[in-house]
Amino acid sequence: MKPEQIRNIAIIAHVDHGKTTLVDAMLKQSRIFRANQQVDERVMDSNALERERGITILAKNTAIEYKGIKINIIDTPGHADFGGEVERVMNMVDGVLLLVDSVEGPMPQTKFVLRQALERGHKVVVVINKIDRENARPDYVIDTTFDLFVDLGASDEQCEFPVIYASGLAGTSGLEPDELGETMEPLLDTILETLPSPQVDVEGPTQMQATLLGFDEYKGQIVIGRLHRGKLKRNQSVTVIAADGTTRNARAAQVFTHQGLARVEIEEAAAGDIIAVTGLGDVRIGDTLADPNQPEALPSITVEEPTLRMT
Ligand code: GDP
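Residues numbered from 1 in each chain as written. Predicted model: local features only at pLDDT ≥ 70, side-chain atom pairs only at ≥ 80, totals over all residues. Heavy atoms only, no water.

Within an unreviewed UniProt entry, the label attached to the protein reads Large ribosomal subunit assembly factor BipA, and the organism entered is Baia soyae. What the UniProt record of the protein gives under Catalytic activity (unreviewed entry) is the line "GTP + H2O = GDP + phosphate + H(+)". What the UniProt record of the protein gives under Sequence similarities (unreviewed entry) is the line "Belongs to the TRAFAC class translation factor GTPase superfamily. Classic translation factor GTPase family. BipA subfamily." (UniProt positions renumbered as here; feature names shortened; annotations may be inferred.)

Structural data, given as structure tokens:
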């Protein structure tokens, strides 16, 4: 898959503003393009499903396919306790979907996560969600969201965010609050048009930073991140470069990518995609997996929590 065919986005919102429901609706929409994809009711509450499939993950990723483009959607924890995790997720994506409830407007967690997205320089698509609510006040919500961008020091370009009105519950979205189509297409089209694809070098030597870690009873530690450069094949030898510069050799037993709710094993991943790798032994967050012939470390990333929550 070429980088141009990928969008890596983080979805951010205050709790209960409708992330799970909206991703669910987007997945159902993409079902049209991938008819064999099973759609479960609650996309991101799918831990039981992951366990059943034999692989447990922390960051809840969903990948949808729309108009030939793969959109990796990373659910981002809204709570300040996961500050380090949010920062790292922001490193893996190239754009952000900010959901704001059409009645409540921006809330503390909206602000916390948005700040990190803006600092990282990301473009944001603002979704005024739950537009079906009786007391929806989209103008007020857009104004307060805009004020929040300004308060947080957003650039002029970031302040010119596109706005989409949506009801995840009804599966509708549109460019005007009173002109909602019966689909998620206006939202998906806006994502494809405004958020960039990853700018990566697919031909160079392999390089990936361990951004999130998972653990599976059978497969052991799972390293999750965006393949930063080159390709990564099943059984490929890599050099693991630790934060202190020490290196060791390891082998990538299996490489996984996302498809809908599922994590599927692939022969080879290409730069730009978000992948999960097993068999590497004890890897720490921030370690670089590199080509043994050109073991170059990626710049270190902040680590605030020693181990991530196991959901
Ligand atoms: P999350 O915490 O952001 O993942 O939010 P959920 O998707 O779990 O939604 C929180 C609550 O809001 C649930 O009771 C949903 O049924 C409700 N909800 C989600 N989307 C909509 C919507 O578009 N319209 C309305 N009226 N309610 C919604």
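J.: Would you take a moment to explain the pairing of strand 15 (residues 262-266) for this structure?
T.: For a regular strand, side chains alternate in direction, first toward one face of the sheet and then toward the other. Taken together, the 5 bridges between strand 14 (residues 254-259) and strand 15 define a ladder with antiparallel strand orientation. Paired with Val255 across the bridge in strand 15 is Ile266. Taking the residues between adjacent antiparallel strands as the criterion, strand 14 and strand 15 are bridged by 2 residues, where Gly260 takes a positive phi near 60 degrees. (Pairing = 2+ DSSP bridges. Helix = DSSP H or I, 4+ residues; strand = E, 2+ residues; numbered from the N terminus.)

J.: Looking at this model, I keep getting lost on the site of the ligand. Mind explaining?
T.: What surrounds the ligand is a group of 13 residues, the closest being Lys19, Thr20, Thr21, Lys130 and Asp132. One of the side-chain N or O atoms of Ser167 is found 3.2 Å from an oxygen atom in the ligand. Counting residues per element, the shell around the ligand draws most heavily on helix 1 (residues 19-30), which supplies 3 residues. Grouping the amino acids of the shell around the ligand by side-chain chemistry returns 1 nonpolar, 6 polar and 6 charged. (Near = heavy atom within 4 Å. Polar contact = N/O pair within 3.5 Å; in protein donor to acceptor, adjacent residues only side chain to side chain. Nonpolar A, V, L, I, M, F, W, Y, C, P; charged D, E, K, R; others polar.)

J.: Sorry if this is basic, but what is going on with the sheet that holds strand 1 (residues 6-13) here?
T.: The sheet built from 7 strands is open, its strands ordered 2-3-1-4-5-6-7 with mixed pairing. The sheet is open, and its two edges are formed by strand 2 (61-66) and strand 7 (172-174), each paired on a single side. Within this sheet the neighbouring strands show an average axis-to-axis angle of 25 degrees, counted without direction. Pairing of strand 5 (residues 123-129) with strand 6 (residues 163-167) involves 3 bridges; the strand directions are parallel. Pairing of Val127 across the sheet is with Ile164, part of strand 6. The strands touched by helix 1 are strand 1, strand 2, strand 3 (69-75), strand 4 (95-101), strand 5 and strand 6; relative to strand 2, the strand with the most contacts, the crossing angle is about 35 degrees. (Axes fitted to C-alpha atoms, helices over the stretch in contact; angles between N-to-C directions. Contact = heavy atoms within 4.5 Å.)

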